[in-house]
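Observations on chain architecture
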Amino acid sequence: VLQKWVNREISNFDYLIQLNTMAGRTYNDLAQYPVFPWILRDYTSEELDLNNPAVFRDLSKPIGVVNEKNAKAVKEKYENFEDPLGIIDKFHYGTHYSNAAGVMHYLIRVEPFTTLHIQLQSGRFDCADRQFHSIPATWQALMDNPNDVKELTPEFFYFPEFLENQNGFNLGQLQISKEVVNDVVLPKWAHSPEDFIYKHRKALESEYVSAHLHEWIDLIFGYKQRGPAAVEALNVFYYCTYEGAVDLDALTDEKERKALEGMINNFGQAPCQL
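The numbering scheme is per chain: residues are counted from 1 as the chain's sequence reads. Per-residue local features of the predicted model are confined to residues with pLDDT of at least 70, and side-chain atom pairs are confined, for both listing and counting, to 80 or more; whole-chain, interface and lining totals are unaffected and use all residues. For the side-chain quantities, the full set of heavy atoms in the structure was used; hydrogens and water were omitted.

What counts as a disulfide here is a pair of cysteine sulfur atoms lying within 2.5 Å. Per the counting criterion, the structure on display carries zero disulfides. Cysteine Cys272 shares no disulfide, and the gap to the nearest cysteine sulfur, in Cys240, comes to 16 Å.

See below:
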């Protein structure tokens, strides 16, 4: 697969899907749903110029520190962390780039994710201000908040329906602006959900992304996923997320085991390292 990708016999999209599959990610498990990168950082221009490198996100950095000013906070948190019990290793991020709640967050407008979201929120929709209601606003929140590190799902590159509230769900209204949460607000350069998907997919297959995609793959699936390279790249997550970090079979206390399983399921899991 790697050779095919290098020879440009398969697209960037196909390559990412195959890597996800090899690393144990699947559409059948919300806790290990396929993960795709944010690739753009321009969500405000009237036109999207894919020949301009400045419109792309820096793929060599984890999403939590793409904004330089977050890097300092993330570094300090890591250096100052100490677990008195000595169980928990130092980490940069207490949340994860892919977890069940995050997948439902993005896909809330389409079933079965709507129902799953309602179940997660004890029988109702989460409050409107926490809903996924705007792509530009979601990107801005990532830039402002080093604790929000959600990457994307594959649907952002092929499935326009998830951006529309076709089922007419009542998702509430935002507290301050009183704006009703309905279809997802798109960047100015996208004239419809279909247009967004078309341009976003084009961006994924662009020359710039083809030349830099391996840098992101290193962080998520490769050698910067753990160990000294991960520390240097500001890419260390809470210890439970890593494959083999917890031996569940060794836990004799049923309660403790259930708690840890729940945490791993809900919190997010790093893909198997390829």
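Below, the discussion takes up helix α3 (residues 68–80). Because an α-helix completes one turn every 3.6 residues, residues spaced three or four positions apart along the sequence face the same direction. Those residues of α3 lying buried are Asn70, Ala71, Val74 and Tyr78. Down the axis, α3 shows its buried residues gathered within 110° of arc, on one side only. The exposed residues of α3 that point more than 90 degrees off its buried face are Lys69, Lys72 and Asn80. In this analysis, two residues are considered to be in contact whenever any of their non-hydrogen atoms come within 4.5 Å of each other. Starting at the N terminus, helices and strands are each numbered in turn, a helix being any DSSP run of H or I of at least four residues and a strand any DSSP run of E of at least two. Structurally, α3 contributes buried residues whose contacts are with α6 (135–144) and α9 (228–232). For every residue, the accessible area obtained with a 1.4 Å probe (protein chains only) is divided by the maximum for its type, and the residue is called buried under 20%, exposed over 50%, and partly exposed between those limits. This arc describes the spread of directions from the helix axis toward the C-beta atoms.

For α6, the complete set of buried residues consists of Ile135, Thr138, Trp139, Leu142 and Met143. For α6, the buried positions fall inside an angular range of 140° around the axis, keeping them on one side. Tucked into the core, α6 has its buried residues touching α3, α4 (100–106) and α7 (193–204). As used in this structure description, the phrase polar contact means that two N or O atoms lie within 3.5 Å; if the pair is within protein, one of them must be able to donate a hydrogen and the other to accept it, and residues adjacent in sequence are counted only when both atoms belong to side chains. Measuring from the side-chain oxygen of the N-cap residue of α6 to the backbone nitrogen of Ala137 gives 3.0 Å; that N-cap residue is Ser134.

A pair is scored as a salt bridge if a Lys or Arg side-chain nitrogen falls within 4 Å of a carboxyl oxygen belonging to Asp or Glu. Under the criterion given, the structure shown has eleven salt bridges. For Glu151, the salt bridge is made with Arg57, and the minimal N-O distance between the two is 3.0 Å. Of this pair, Glu151 sits in the loop between α6 and α7 while Arg57 sits in the loop between α2 (12–22) and α3, and the two are 94 residues apart along the sequence. Given a relative accessible area of 3%, Glu151 falls into the buried group. For Arg57, a relative accessible area of 0% puts it in the buried group. Its salt-bridge partner being Lys199, residue Asp195 comes within 2.9 Å of it at the nearest N-O pair.

With that settled, consider the side chain of His117. Inspection of the secondary structure assignment puts His117 in helix α5 (residues 113–120). Judged by relative accessible area, His117 falls into the buried class, the value being 5%. Apart from residues no more than four positions distant in its own chain, His117 is found in contact with Met104, Ile108, Arg124, Phe125, Asp126 and Gln131.

Further remarks concern the UniProt feature "domain: BEACH" (unreviewed entry) in the protein. UniProt positions are given in the numbering used here, feature names are shortened, and annotations may be inferred rather than shown by experiment. UniProt's feature table lists "domain: BEACH" (unreviewed entry) at residues 1–274, given in the numbering used throughout. Across residues 1–274 one finds 36% helix and 0% strand; the C-alpha atoms that close the span lie 13 Å apart.

Before going further, it helps to spend a moment on the packing of α2 against helix α8 (residues 207–220). A fitted line through C-alpha atoms represents every axis, and for helices the fit uses only the stretch in contact; the resulting angles, taken between N-to-C directions, go from 0 to 180 degrees. It is the contact of α2 with α8, at a shortest axis distance of 11 Å, that shows an interaxial angle of 15°. Considered as vectors, α2 and α8 are oriented roughly parallel to each other. In this structure, α2 crosses over α8, and the sense of that crossing is right-handed. Contacts between α2 and α8 involve Asn12, Tyr15, Leu16 and Leu19 from the former and Val209, Ser210, Leu213, Trp216 and Ile217 from the latter. Roughly parallel covers angles under 35 degrees, roughly antiparallel covers those over 145, roughly perpendicular covers 65 to 115, and oblique covers all other angles. Note on convention: the crossing is left-handed when the near helix lies turned anticlockwise from the far helix by less than a right angle, right-handed when the turn is clockwise.

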